[in-house]
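# Descriptive structure summary
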Amino acid sequence: MASTSRLDVLPRVTCPNHPDSILVEDYRAGDMICSECGLVVGDRVIDVGSEWRTFSNDKATKDPSRVGDTQNPLLSDGDLSTMIGKGTGAASFDEFGNSKYQNRRTMSSSDRAMMNAFKEITNMADRINLPRNIVDRTNNLFKQVYEQKSLKGRSNDAIASACLYIACRQEGVPRTFKEICAVSRISKKEIGRCFKLILKALETSVDLITTGDFMSRFCSNLGLPKQVQMAATHIARKAVELDLVPGRSPISVAAAAIYMASQASAEKRTQKEIGDIAGVADVTIRQSYRLIYPRAPDLFPADFKFDTPVDKLPQL
Amino acid sequence: MDADSDVALDILITNVVCVFRTRCHLNLRKIALEGANVIYKRDVGKVLMKLRKPRITATIWSSGKVICTGATSEEEAKFGARRLARSLQKLGFQVIFTDFKVVNVLAVCNMPFEIRLPEFTKNNRPHASYEPELHPAVCYRIKTLRATLQIFSTGSITVTDHVRQLSDASARENNHLLDSRFCPKTGPNVKAVASAVEQIYPFVFESRK
């Protein structure tokens, strides 16, 4: 550690003529060279060159200059462990043809549960195409929660799902509980409980969800054009500002706004379709729609091109 | 700041939960067969006994622990618990009425105005938590009183107060915020409820419509 950094105070070697000068490290030869006069001060300190020569060829599936798996230093306790690999020669098999030393010994048993959870998190995130940064954030959250041990009794999958939910929220792209439920085997209730517990354990809080967070996702899943999406965003935002929908979940309001916008345009969608995508019951959309319907003309953006005029909007 | 200076808020106590112990092992099967107004839940191992006079539902465990719910005041809870112990005694068990404790008090209050929940949550960050997907109310916890308030957008507030204190027989000053179900000896829990509502009133008032 100490020998590799140039900026450190070097306890061991200094150039005899220039005690204050910084020593440059020539890593290929393992030398420490004084930057003022060029004197080689330390010899054969550390050679970090390759152990063997590598040639680039076609079947370069594995890079011979690297040993071991990619390190995950932030998360597990470092991956410095040894496993007994499968035998290669004839001597590694005993009488019956089974291999001796069968156990590939478990590595880092203290963190096995954590590595399992990371795998599960990656699986879940894959199913809804979440980017790597959210997955990393989730892993970090899980590690923090796991180390704290305050939620030890809860199922690891539930904690993982809740961490995923929190990570999405923190990154500014929240996913609804129902969306997380869809990729996890845990019930919404349990995820909700773990979510609250984790917030308390980590002493953090998250921002409130707004209607706009979900617009782009829902609209593109429904195949609605950009105009309709912008109109729906505007409607939902206006509705919340004017407080036409007190006490309604922002998801329901967003769904109702999408319904209104799509019905006014050429691309109409039924309540059932929207309910399917948003995870909202169609009666809920109906209820929220009824609340925003009276002020429909005020909610649309000024430059919206109506395929169906406002007074012809369906009234449920 | 006081709520009652301009408008009197009715705080209705809807539920008082208490526990007591009978200090003897209870044969649940016998209670289930011979007792009146009982429901035997064998899979969980408890008997529910519903009393009519103070309308109380009691959960009886075989270890002798009894939980009474449904009472509307602390006094009523004590009457009901005693009555329950008496009926168990009549069934033949050597019941000793000990460790009576009021565990939880649930009260409902209605604000005369509606409340904007997102604004309220933003102003009261650590104490208030709002998850519209999970529950339509804001959950506000007051640590000092160990009270949890659920604030709805219509203005109704539910207060649950779980201060574990033995009910004190000494007379306390009557708090005129309490409602018509007037009890002469208001225990500490009930008073804590009133003070919780008083505490939250200014915050809620800021975020009203």
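Residues numbered from 1 in each chain as written. Chains lettered and ligands numbered in written order. Predicted model: local features only at pLDDT ≥ 70, side-chain atom pairs only at ≥ 80, totals over all residues. Heavy atoms only, no water.

### Observations concerning the overall build of chain A
Put simply, the test is: Segments assigned H or I by DSSP are reported as helices when at least four residues long, segments assigned E as strands when at least two residues long, and all are numbered from the N terminus. Buried residues are those whose accessible area, probed at 1.4 Å on protein chains only, stays under 20% of the maximum for their type, while exposed residues exceed 50% and partly exposed ones sit between those limits. Note on definitions: a residue-residue contact is assigned when non-hydrogen atoms from the two residues lie within 4.5 Å. Per-residue and other accessible areas follow the Shrake-Rupley method at a 1.4 Å probe size, with only the shown protein chains counted as cover for residues.
The secondary structure content of chain A amounts to 11 helices and 3 strands. Classification of the 316 residues of chain A by burial places 36% in the buried group. A separation threshold of at least 6 residues defines the contact pool for chain A, and within that pool the share at least 24 residues apart is 57%. Surface summary for chain A: the accessible area is close to 19,300 Å², and the carbon and sulfur share equals 49%.

### What to know about the sheet that holds strand β4 (residues 56-61) of chain B
Residues and elements named next belong to chain B. Our working definition: Note on pairing: two strands pair once DSSP finds at least 2 bridges between them. A fitted line through C-alpha atoms serves as each axis, taken over the contacting stretch for helices, and the angle formed by two N-to-C directions is quoted from 0 to 180°.
One open sheet accounts for 10 strands, arranged β2-β3-β4-β5-β1-β6-β10-β9-β8-β7; its pairing is antiparallel. Two strands close off the open sheet at either side, each with one partner strand: β2 (38-41) and β7 (128-130). Across the sheet, the mean angle from the axis of one strand to that of its neighbour is 15°, orientation sign disregarded. Pairing analysis gives 4 bridges linking β4 to strand β5 (residues 65-71), with the strands arranged antiparallel. Within β5, the position partnered with Ala 58 by the bridge is Cys 68.

### A short note on the sheet that holds strand β2 (residues 31-34) of chain A
Residues and elements named next belong to chain A. Strands sit in the order β1-β2-β3 across an open sheet of 3 strands; the sheet is antiparallel. Two strands in the sheet have a free side with no partner beyond their single neighbour: β1 (23-26) and β3 (40-42). Shown here is a sheet whose adjacent strand axes are inclined to one another by a mean of 40°, direction ignored. Relative to β2, β1 runs antiparallel, the two being bridged by 4 bridges. Residue Asp 26 lies in a different strand from β2, and its bridge partner there is Asp 31.

### So, the interface of chain A and chain B
Defined as follows: Values labelled buried area give the accessible surface lost by two parts on being combined, using a 1.4 Å probe and summing over both. Salt bridges are defined by distance alone: a side-chain nitrogen of Lys or Arg within 4 Å of a carboxyl oxygen of Asp or Glu. Polar contact is defined as a pair of N or O atoms within 3.5 Å, subject to the rule that within protein one atom must be able to donate a hydrogen and the other to accept it, and that residues adjacent in sequence are counted only when both atoms are side-chain atoms. Polar here means any residue outside two lists: the nonpolar Ala, Val, Leu, Ile, Met, Phe, Trp, Tyr, Cys and Pro, and the charged Asp, Glu, Lys and Arg; Gly therefore counts as polar.
Of the residues lining the interface, 20 residues belong to chain A; the matching set on chain B comes to 12 residues. Area buried by chain A at its contact with chain B is led by Leu208(A), Asp243(A) and Gly247(A), which between them contribute 36% of it. Seen at the junction of chain A and chain B, the total is 3 salt bridges. With its nearest N and O atoms 2.7 Å apart, the salt bridge here joins Arg169(A) to Glu131(B). Inspection of the region where chain A meets chain B yields 5 residue pairs in polar contact (both at pLDDT 80 or more). Looking at the side of chain A that touches chain B residue by residue, the class counts come to 9 nonpolar, 5 polar and 6 charged.

### So, the layout of surface pockets
Put simply, the rule reads: Of the grid points, spaced at 1 Å and generated over the protein atoms alone, those admitting a 1.4 Å probe that cannot get out make up cavities, while open sets with protein on both sides within 12 Å along at least five of seven lines make up pockets; any residue with an atom within 4 Å of a point is treated as lining. Grid points are joined across faces, edges and corners, and a volume is the space filled by probe spheres set on the points.
The calculated volume of the largest pocket comes to roughly 1,100 Å³. What lines the largest pocket is a set of 32 residues, and nearest its centre among them are Lys200(A), Pro126(B), His127(B), Ser129(B) and Arg141(B). Secondary-structure elements contributing two or more residues to the lining of the largest pocket are α5 (188-202) of chain A together with β7, β8 (138-142) and β9 (147-151) of chain B. When residues of the lining of the largest pocket are assigned to their parent elements, the largest contribution, 5 residues, is made by α5(A).

### Here's the deal with the domain arrangement of chain A
All names here are of chain A. The line we're drawing: By convention here, the domain bounds are inherited from an automatic or database domain assignment.
You can read the domains of chain A as domain 1 (13-42), domain 2 (109-200) and domain 3 (209-310). Contacts between the two partners involve 7 residues from domain 2 and, on the opposite side, 7 residues from domain 3. In total, domain 2 and domain 3 occlude about 590 Å² of area from one another, counting both sides; carbon and sulfur atoms represent 52% of this. At the junction of domain 2 with domain 3, the criterion picks out 1 salt bridge. At the junction of domain 2 and domain 3, the tally comes to 3 residue pairs in polar contact (both at pLDDT 80 or more).

### Some remarks on the state of the cysteines
Residues and elements named next belong to chain A. Test applied: Two cysteine sulfur atoms form a disulfide, by the criterion used here, when they sit within 2.5 Å.
Tallied over the full model, the rule gives 0 disulfides over all chains. Between Cys 15, a free cysteine, and Cys 34, which holds the nearest cysteine sulfur, the sulfur-to-sulfur gap is 3.7 Å. On the basis of relative accessible area, Cys 15 is assigned to the buried category, the value being 0%.

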